[in-house]
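Structural description and commentary
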Amino acid sequence: DDLDASCVLLDHIPHNDCCRPSLYDESTYTPYVITINIPNVNCERCSLQLANPMTDKIGGDGSPTGIGCTDPFGTCFSVYHSCTRPFRILGNGEAVSRSDYQCERLPGNWPEVWEGDNGVGVDASVPGLYRRESSIWSVVDFTLTAVPGDYAKDAGGICGDEGLKQQYTQSTTLSS
């Protein structure tokens, strides 16, 4: 809840234009899978939040040459949020407390241009400024195909356990 204590781990995760989900028909929902790097911190009550600015709601402002909208606390008037329950992060021996951690820059290997309306490139280099951004996601493992493999690498833990992976995917699938 405290914006000053939050760190953006990844920004501008593009939409998957392949599908048109229907609100009450889960069989039409579109899964997304992406791996992020958790900072080397010790944190007793941390949480991950996914914010999804609905740039389809801002008309021409969401086009590749439009002014876009901003989030948080900006001009994106329709933003879906999804948060995890609080959990503990135990970093390695070099970890710092969350209160002493300084947020790092966003990953340098993350694309800064995505596909916009009618296939026109859209600038995604400004954190917190959004336009309609899309890309191709795998229909096999639901990962983003236009990024380095680190973002599709199984990090282990609950998602690494095949018995739990299906259950976890079903219970935490994000829909567009």
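Residues numbered from 1 in each chain as written. Predicted model: local features only at pLDDT ≥ 70, side-chain atom pairs only at ≥ 80, totals over all residues. Heavy atoms only, no water.

What follows deals with the overall build of the chain. In terms of helices and strands, the chain carries one helix and 11 strands. In the chain, the order of α-helices and β-strands from amino to carboxyl end is β-β-β-β-β-β-β-β-β-β-β-α. Among the 176 residues that make up the chain, the fraction classed as buried is 28%. Intrachain contacts of the chain at a sequence separation of at least 6 include 70% that bridge at least 24 residues. Accessible area of the chain: about 11,800 Å², with a carbon and sulfur share of 52%. (Helix = DSSP H or I, 4+ residues; strand = E, 2+ residues; numbered from the N terminus. Buried < 20%, exposed > 50% of the residue type's maximum accessible area, 1.4 Å probe, protein only. Contact = heavy atoms within 4.5 Å. Areas by Shrake-Rupley, 256 points an atom, 1.4 Å probe, with all protein chains shown as cover.)

With that out of the way, let us pick up the sheet that holds strand 7 (residues 96–97). With mixed pairing, three strands are arranged side by side in an open sheet as 6-2-7. Lying at the two open borders of the sheet, with one neighbouring strand each, are strand 6 (87–90) and strand 7. (Pairing = 2+ DSSP bridges.)

Our next topic: the confidence of the model for the chain. Confidence in the prediction for the chain averages 84 pLDDT; 85% of positions are at 70 or higher. Every residue in residues 158–176 scores below 50 in pLDDT, and together they form 21 contacts with partners more than four places removed in sequence or on other chains. (pLDDT = per-residue confidence, 0-100.)

Right, let's get into the state of the cysteines. Counted by the stated rule, this structure contains four disulfides. Disulfide partner of Cys7: Cys103, at an S-S distance of 1.9 Å. Sign of the S-S torsion, about -80 degrees for the bond between Cys7 and Cys103, identifies this disulfide as left-handed. Highlighted residues: Cys7 in the segment before strand 1 (15–16) and Cys103 in the loop between strand 7 and strand 8 (113–115), separated in sequence by 96 residues. (Disulfide = S-S within 2.5 Å.)

Our focus in this paragraph is the environment of Ser135. Position of Ser135 relative to the elements: it lies in strand 11 (residues 134–135). In this structure the C-alpha to C-alpha distance between Ser135 and Pro14, which are 121 residues apart in sequence, comes to 5.8 Å. Setting aside chain neighbours within four positions, we find Ser135 in contact with Pro14, His15, Asn16, Asp17, Trp114, Leu144 and Ala146.

Moving on, we come to the environment of Thr28. With respect to the helices and strands, the residue Thr28 is situated in the loop between strand 1 and strand 2 (41–46). Owing to a relative accessible area of 23%, Thr28 belongs among the partly exposed residues under this scheme. Sequence-distant contacts of Thr28, defined by excluding residues within four places in its chain, comprise Arg20, Pro21 and Ser22. A polar atom in the side chain of Thr28 sits 2.7 Å from the backbone nitrogen of Ser22. (Polar contact = N/O pair within 3.5 Å; in protein donor to acceptor, adjacent residues only side chain to side chain.)

Tracing the sequence through the fold places Ser63 in the loop between strand 3 (49–53) and strand 4 (69–70). From its side chain, Ser63 meets the backbone oxygen of Gly60 in a polar contact 2.9 Å long. Residues contacting Ser63, with those up to four places away along its chain left out, are Asp117, Arg131 and Arg132.

This part covers the packing of aromatic side chains. This structure, assessed with the given rule, holds three aromatic pairs. Centroid distance Tyr32 to Trp137: 4.6 Å. Interplanar angle 85 degrees. Geometry classified as edge-to-face. Here Tyr32, found in the loop between strand 1 and strand 2, pairs with Trp137, found in the loop between strand 11 and helix 1 (162–172); they are 105 residues apart in sequence, far enough to count as distant. Tyr32 gets classed as buried once you look at its relative accessible area, which sits at 18%. Considering the side-chain rings of Trp110 and Tyr151, the 4.8 Å spacing of their centres and the 70 degrees angle between planes classify their relative orientation as edge-to-face. Within this pair, whereas Trp110 is found in the loop between strand 7 and strand 8, its partner Tyr151 is found in the loop between strand 11 and helix 1, the two being separated by 41 residues in sequence. You'll find Trp110 and Tyr151 in the same group, each marked buried. (Phe/Tyr/Trp six-rings, centres within 6.5 Å; stacked < 30°, edge-to-face > 60°.)

A few words now on unusual backbone geometry. With an omega dihedral of 10 degrees, the bond running from Asp71 to Pro72 counts as a cis peptide bond. Summarising the element assignment, Pro72 is placed in the loop between strand 4 and strand 5 (79–83). Residues other than glycine seldom take positive phi values, yet His12 does so here, at roughly 60 degrees. When you line up the elements, His12 lands in the segment before strand 1. We classify His12 as buried; its relative accessible area is 4%. Positive phi values are uncommon outside glycine, yet Asn118 reaches one of about 55 degrees. Relative to the helices and strands, Asn118 resides in the loop between strand 8 and strand 9 (121–123). By relative accessible area, Asn118 is classed as exposed at 80%.

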